Amino acid sequence: MTDTTTTEEYPREPTDPIEATPGSSKPDPILRVDGMVRQFGGLKAVDVDHLEIQRHWITALIGPNGAGKTTFFNLLTGFDTPNAGTVVFDGDTLPKRVSPNQLARDGMVRTFQLTKSLTRLPVIENMKLGVKEQLGEHFLPALFKPAWASQEASIEERADKLLARFKMDHMRDEFAGTLSGGQRKLLEMARSLMTDPRLVMLDEPMAGVNPALTQSLLGHVVGLRDLGMTVIFVEHDMDVVHEIADWVVVMAEGQIIAEGTPDAISKNAKVIDAYLGAHHDDTDDDTELPADDGGHL
Amino acid sequence: MDWDIIFRNAIIAGFSREAAVYAIAAVGLNVHFGYTGLLNFGQVGFMAISAYGVGISITQYNAPVWLAFIIGLLAAVVLALLLGVPTLRLRSDYLAIVTIAASEIIRLTFRSVALTDWSGGSNGINGFADGYYRFSPFDPSQRYGFGNVQVFGNQAWIIVVGWTLAILVTVLVWLLMRSPWGRVLKSIREDEDAARALGKNAYFYKMQSLILGGMIGGLAGIVLSVGQQTVQPDAYSPPVTFFIWTALILGGVGRIWSPIFGSIAFWMILSLTNNLLDGLVNVGIVPSAVTAGVRGGSIRFVLVGLGLMLLMAFRPQGVFGDRNEMMLADR
């Protein structure tokens, strides 16, 4: 992974010819989901008929609270098991029950809404943990430092470069627990890059981050795409979505209700319904409201 | 008061075979709790199963000493697998409950009347340690030591072997914990899901940790039974687990040398409070009614408990711990 990589090396498909309907097909999907259902008792938390995620795009997953976005994320990343459904990741159909560690090794890495920094490990150790296939992570070689020292040195060099790119090199030897909320988000993102992912899934990367840091975080998300990765992120803030997303998928009550470019989505009547309450055009009820109750939602 | 005797007793207690046993067991517990975050409240169960593994294989099957020791340690591996397979996929508190129950099941099974012919019932297993003492370079009838701290030959042999093992397992754990393997364990301690999201098979690593710490605990049990020349079921009762926890916390959780230091300190403090109390009674400062009968033994644990509470209040990180680091755990 070099810093000289340019966008030309990873041509992005234009969004114009893609049909803006739920479950529309994409020219080169890295992820394809079919008939995915997750039920909690009588509640269908996730019920996705068909979804394709285009390679090298930044796809935003939005929706009101309780729409099932995080559950959907958990299902895709192996932290939860669906009742039904298939996932095809980069051409391979995943088994129904798949472990998060296996997916991470296959190139699908995620971050968490509530940041999971390893608080009592230094920042640099957090970073080094991300690398796959470390000889020193096996029990017997671990005992003999010469067996893993050279790999460790190259991992450390790479981690230092990445920390510098995320402007966190001054925090290198601090415990991750001493970082601010925003810095932890940065660390988690940087750490996930150490796994050499093809698909990066960010669960609310901007939540609780101050505006100054938001810009830098957004820059890094765009940077992931420029390095050839595909990004899916969950977000509430439409401004953020407008700024960086190539494509937007909208969930409500567990289903995909709309797909499209950010501009198209912000004008979509179904989406406005979902955010403002689906039944606000129910005229029978409206007539019973007092005429002067204009501000009522 | 005779300060000479009080300090001599404290030194003998601090470097006794029991202290070595607790130090070794605490190293195992440190692997579990200090580095992996596994709550093991049944460390004494690993000690018991290994001690019985040695005792039974020698007395029932005439196994040579070296083979018996290997069988004892393998018994600890089997116990770790039995405990780990169903619980390590669950939250850490499940392991805590299962381990404390298992340690009692082991003790009560081995001391049961039905198995008397095999495991000796409540009398335990005797006369199996001769093969071990045959290797002793010390003369059992001679005294060894420094100044007025003297022990008999067999005692000296088990003390030397016990403390050598304590240092060896400490070095082993140090080698492991500075490696990327140790880094994975610590990451699981901090946040298991984060480790899994980065491709680490947390279950597999937790199992390795449980087995390693369990085997070290088993080693402690073997040293204890060989030192006492008997496997007594009631020497493996739950309070032992909690004394080992005490030693570990005293030294500082997740620190390399804290098990050894904590165990020495624990046994010295026990001896000091006991002897000081007796001394104070003798010179009339403390009324003799306080320590009369069985009370004396209880009072010293009351004092040790009080001391621990003060330690938790003023130095919760233990002697070697870092308070700032510890406080991060809750953030």
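### What to know about the overall build of chain A
Moving on, step 1. Helix and strand counts for chain A stand at eleven helices and ten strands.
Moving on, step 2. Expressed as a percentage of its 297 residues, the buried residues of chain A come to 42%.
Moving on, step 3. Sequence separation of at least 24 residues holds for 70% of the intrachain contacts in chain A that already meet a minimum separation of 6.

### Focus on the overall build of chain B
Moving on, step 1. A tally of helices and strands in chain B yields 15 helices and four strands.
Moving on, step 2. At 20 Å, chain B has a C-alpha radius of gyration in line with the 20 Å of a compact globule built from 331 residues.
Moving on, step 3. Reported as C-alpha extents along the three principal axes, the dimensions of chain B are approximately 65 × 55 × 35 Å.
Moving on, step 4. Residue burial in chain B is summarised as follows: out of 331 residues, 49% are buried.
Moving on, step 5. Here the contacts in chain B between residues at least 6 apart in sequence split such that 72% fall between residues at least 24 apart.

### Thoughts on the domain arrangement of chain A
Moving on, step 1. Examined at the domain level, chain A breaks down into domain 1 (18–117 + 197–280) and domain 2 (120–178).
Moving on, step 2. Summarising the inter-unit geometry, the C-alpha centres of domain 1 of chain A and domain 2 of chain A are found 30 Å apart.

### Notes on the nonpolar core
Moving on, step 1. Ranked by size, the top nonpolar core spans 168 residues in total, and within it V250 of chain A together with Y22, I24, L219 and V223 of chain B carry the most contacts.
Moving on, step 2. Per-domain counts for this core show at least three residues from each of domain 1 (18–117 + 197–280) and domain 2 (120–178) of chain A.

### Comments concerning the interface of chain A and chain B
Moving on, step 1. Contacts between chain A and chain B engage 31 residues on the former and 24 residues on the latter.
Moving on, step 2. Among the secondary structure elements, those contributing two or more residues to the side of chain A that touches chain B are α2 (100–106), β6 (108–110), α3 (123–129), α4 (139–143) and α5 (145–165) of chain A.
Moving on, step 3. At four residues, α2 of chain A tops the list of elements feeding residues into the side of chain A that touches chain B.
Moving on, step 4. Tallied by class, the residues present in the side of chain A that touches chain B amount to twelve nonpolar, nine polar and ten charged.

### Observations concerning helix α11 (residues 202–228) of chain B
Moving on, step 1. With 27 residues, α11 of chain B should cover 39 Å at 1.5 Å per step; its first-to-last C-alpha distance of 39 Å lies within 8% of that length.
Moving on, step 2. Once α11 of chain B ends, the next one or two residues include Q229 of chain B, with phi positive near 60 degrees.

### Brief notes about the sheet that holds strand β1 (residues 29–40) of chain A
Residues and elements named next belong to chain A.
Moving on, step 1. Read from one edge to the other, the open sheet built from four strands follows the order β2-β1-β4-β5, with strand pairing classed as antiparallel. Looking at strand neighbours, the two that pair on one side only are β2 (43–54) and β5 (92–93), the edges of this open sheet.
Moving on, step 2. For strand β4 (residues 84–89) and β5, the ladder comprises two bridges, and the chain directions are antiparallel. In the sheet register, V88 faces β5, and the bridge partner there is T93.
Moving on, step 3. On the sheet, helix α1 (residues 69–76) packs against β1, β2 and β4 and is oriented at approximately 65 degrees with respect to β2.

### Concerning the sheet that holds strand β9 (residues 247–252) of chain A
Residue and element names in this part refer to chain A.
Moving on, step 1. Spatial ordering of the open sheet is given by β6-β7-β8-β3-β9-β10, a layout of six strands whose pairing is mixed. Strands at the two margins of the open sheet, each flanked by one partner only, are β6 and β10 (255–260). When the angles between neighbouring strand axes are averaged without regard to direction, this sheet yields 20 degrees.
Moving on, step 2. The pairing of strand β3 (residues 58–62) with strand β8 (residues 230–234) spans four bridges and is parallel. Bridge pairing in β8 places I58 opposite V231.
Moving on, step 3. Sheet contacts for α1: β3, β6, β7 (199–203), β8 and β9; angle to β7, the most-contacted strand, approximately 150 degrees.

### A look at the confidence of the model for chain A
Residues and elements named next belong to chain A.
Moving on, step 1. Averaged over every residue, the pLDDT of chain A is 86; residues scoring 70 or more account for 90%.
Moving on, step 2. This model gives residues 1–7 a pLDDT under 50, and the stretch forms five contacts once residues within four places in sequence are excluded.
Moving on, step 3. Segment residues 282–297 is flagged for pLDDT under 50; beyond a separation of four residues in sequence, or across chains, it makes one contact in the model.

### Thoughts on helix α2 (residues 17–36) of chain B
All names here are of chain B.
Moving on, step 1. Compared with an ideal rise of 1.5 Å per residue, which puts 20 residues at 28 Å, α2 spans 28 Å between its outermost C-alpha atoms and is within 8% of the ideal.
Moving on, step 2. Along α2, the helix axis deviates most sharply at N30, where the bend reaches about 40 degrees.
Moving on, step 3. Positioned one or two residues after α2, G37 has a phi angle of 80 degrees, which is positive.

### Side note on the pairing of β8 of chain A
Residue and element names in this part refer to chain A.
Moving on, step 1. In terms of residue burial, β8 counts as a mostly covered element, since five of its five residues are buried.
Moving on, step 2. Covered by surrounding structure in β8 are T230, I232 and V234 together with V231 and F233, the residues of both alternating faces.
Moving on, step 3. Of the strand pairs in this sheet, β7 and β8 are connected by five bridges, and their pairing is parallel. Bridge pairing in β8 places L199 opposite T230.
Moving on, step 4. The parallel pair β7 and β8 is bridged by helix α7 (residues 211–226), and the resulting crossover is right-handed.

### Re the packing of helix α12 (residues 238–251) of chain B against helix α13 (residues 258–282) of chain B
All names here are of chain B.
Moving on, step 1. Contact geometry of α12 with α13 gives a least axis separation of 7 Å together with a crossing angle of 115 degrees. In this view, α12 runs roughly perpendicular relative to α13, as classed from their interaxial angle. Like other packed secondary-structure pairs, α12 and α13 cross with a definite hand, here right-handed. Between α12 and α13, the contacting residues are F243, T246, A247, L248, L250 and G251 on the first element and S258, P259, F261, G262, S263, A265 and F266 on the second.

### Remarks on the pairing of strand β2 (residues 143–146) of chain B
All names here are of chain B.
Moving on, step 1. Inspection of the sheet shows β2 paired to strand β3 (residues 149–152) by four bridges, in the antiparallel sense. Along β3, the bridge assignment pairs F146 with V149.
Moving on, step 2. What sits between β2 and β3 in their antiparallel hairpin is a turn of two residues, with G147 showing a positive phi close to 55 degrees.

### Focus: the environment of L280 of chain B
Residue and element names in this part refer to chain B.
Moving on, step 1. With respect to the helices and strands, L280 occurs in helix α13.
Moving on, step 2. Sequence separation between L280 and L38 is 242 residues; the distance between their C-alpha atoms is 42 Å.
Moving on, step 3. Discounting residues that sit within four places of it in the chain, L280 has contacts with I285 and V286.

Reading guide: rules and limits
Residues numbered from 1 in each chain as written. Chains lettered and ligands numbered in written order. Predicted model: local features only at pLDDT ≥ 70, side-chain atom pairs only at ≥ 80, totals over all residues. Helix = DSSP H or I, 4+ residues; strand = E, 2+ residues; numbered from the N terminus. Buried ≥ 20, exposed ≤ 12 C-beta atoms within 10 Å, placed from the backbone. Contact = placed C-beta atoms within 7 Å. Rg over C-alpha atoms; globule rule 2.2 N^0.38 Å. Domains from an automatic or database assignment. Core = buried A, V, L, I, M, F, W, Y, C linked by C-beta atoms within 7 Å. Nonpolar A, V, L, I, M, F, W, Y, C, P; charged D, E, K, R; others polar. Expected span 1.5 Å × (residues − 1). Pairing = 2+ DSSP bridges. Axes fitted to C-alpha atoms, helices over the stretch in contact; angles between N-to-C directions. pLDDT = per-residue confidence, 0-100. Bend = angle between axes of the 7 residues up to and from the residue. Right-handed = clockwise from strand over helix to strand, strands pointing away. Parallel < 35°, antiparallel > 145°, perpendicular 65-115°, else oblique. Left-handed = near helix turned anticlockwise from the far one by under 90°.

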